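Here's the letter readout for the chains.
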Amino acid sequence: MKHILSALCLLTASFWSQLYNAQNTDAYIEVLGVAQDGGFPHMGCNKEGCNLAWEHPELRRNVSSLALVDPVQKKWWLFDATPDIRQQLHDFSQRHKEYPYLPEGVFITHAHIGHYTGLMEFGKEVINTKQLKVYVLPKLKSFLENNGPWSQLVSLKNIEIIPLTADQEVSIGNSLTVKAFTVPHRDEYSETAGFRMLTPKKRFLFIPDIDKWSKWNKSIIEEVKNVDFAFLDATFYDQNEMGNRPVSEVPHPLITETEDLFQKEPAAVKKKIHFIHFNHSNRILWDKAIQGKVRDKGFNIAEEGRQY
């Protein structure tokens, strides 16, 4: 029964993907994962949510990642190379058989394990890509070029690093542009980027990791107002969920904090927000009551396989 449910979920996502593509030639975002760096269920976790996900595969979630898909060019771009990249590329290819298996390029937010370590799969030990474009900001470029095993990907030309400049748009063809910008986060090995993706008809914002909205030199409210869809850091639901250590030791905007920040904004602004990057302790992953509470306040929850 568990395997049947998993197969049905994949078939359902494939059906809606084919229907969408048959009716639409506009570029769009497809969600490939919604969990924090360790995925869901989490390694070593034996708490309620993880136990449910271990027992019911349909509840499992990949690490947060997006695909920007262009039906006209029949090309796509990956945002963050996660530890679940093997599964994510397979699932994407099953839903989009007319597209190349590999993305045209990969945009990386930062050097925390859930966001860049999937790059190793492009090496000679696995798929052995040829000059796959990897778009990064300067500190991450230096980190990849000067530290193994990433430097081997560069020297063997498995990847071609394309340097980004913060707040400057990069054209990727067919009127599609991507702009990287920096956000405050724990930058041990690199700066942390967010991305703004512009298509002829839609504007997207992707910030899977940030310490706090108040630490940023931009207004997240204004940034959300200026896009159609905003995929925002929702690592923790509230300050009580960690249990074994204070949430303050791992700073992120709590979902409840973001809700409060946008409380006075119109419904049209709130509905642009799609929460993403859920820690395994975040009940939004499995608790329908919490999911309903978030949606009742006018916000959305990013869903794997869904297109925007």
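Residues numbered from 1 in each chain as written. Predicted model: local features only at pLDDT ≥ 70, side-chain atom pairs only at ≥ 80, totals over all residues. Heavy atoms only, no water.

Novice: I keep staring at the overall build of the protein and nothing clicks. Help me out?
Specialist: The helix and strand inventory of the protein stands at 10 helices and 13 strands. Computed over C-alpha atoms, the radius of gyration of the protein comes to 19 Å, within 12% of the 19 Å expected from 2.2 N^0.38 for 308 residues, which places it in the range of a compact globule. Reported as C-alpha extents along the three principal axes, the dimensions of the protein are approximately 50 × 50 × 40 Å. Within the protein, the proportion of its 308 residues that are buried is 53%. Taking contacts inside the protein between residues at least 6 apart in sequence as the whole, the part at least 24 apart equals 69%. Total accessible area on the protein is roughly 14,100 Å²; 51% of this is exposed by carbon and sulfur atoms. Here the protein holds 36 positive side-chain charges and 38 negative ones, and the gap between their average locations is 3 Å. (Helix = DSSP H or I, 4+ residues; strand = E, 2+ residues; numbered from the N terminus. Rg over C-alpha atoms; globule rule 2.2 N^0.38 Å. Buried < 20%, exposed > 50% of the residue type's maximum accessible area, 1.4 Å probe, protein only. Contact = heavy atoms within 4.5 Å. Areas by Shrake-Rupley, 256 points an atom, 1.4 Å probe, with all protein chains shown as cover. Lys, Arg positive; Asp, Glu negative; His and termini not counted. Charge placed at Lys NZ, Arg CZ, Asp CG, Glu CD.)

Novice: How should a nonpolar patch on the surface be read in this particular structure?
Specialist: Together, Tyr101, Val126 and Ile127 make up an exposed nonpolar region whose accessible area comes to about 250 Å². Locating Val126 in the fold gives a position in the loop between helix H4 (113-116) and strand E5 (132-136). (Patch = residues over 30% accessible without salt bridge, like charges linked within 9 Å, V, L, I, M, F, W, Y side chains within 5 Å. Salt bridge = Lys/Arg side-chain N within 4 Å of Asp/Glu carboxyl O.)

Novice: Would you take a moment to explain unusual backbone geometry for this structure?
Specialist: The bulk of non-glycine residues show a negative phi, and the bulk of peptide bonds are trans. A cis amide bond links Phe40 with the next residue in sequence, Pro41, at an omega value of 5 degrees. Checked against the element boundaries, Pro41 lands in the loop between strand E1 (28-33) and helix H2 (48-55). Looking along the chain, the bond that leaves Gly148 and enters Pro149 is cis, with omega of 5 degrees. The topology assignment puts Pro149 in the loop between helix H5 (138-146) and helix H6 (150-155).

Novice: How do you make sense of the nonpolar core when you look at a structure like this?
Specialist: General note: in soluble globular proteins, nonpolar side chains tend to be found buried as a group. Among the nonpolar cores identified, the biggest contains 60 residues, and Phe79, Met197, Ile207 and Phe231 are the most heavily contacted of them. Not counting chain neighbours up to four residues away, the residues in contact with Phe79 comprise Ser65, Leu66, Leu68, Phe107, Val178, Phe195, Met197 and Phe206. Formed by 27 residues, the second largest nonpolar core is a distinct cluster that contains Leu119, Val134, Leu153 and Ile159. (Core = buried A, V, L, I, M, F, W, Y, C linked by side-chain atoms within 4.5 Å.)

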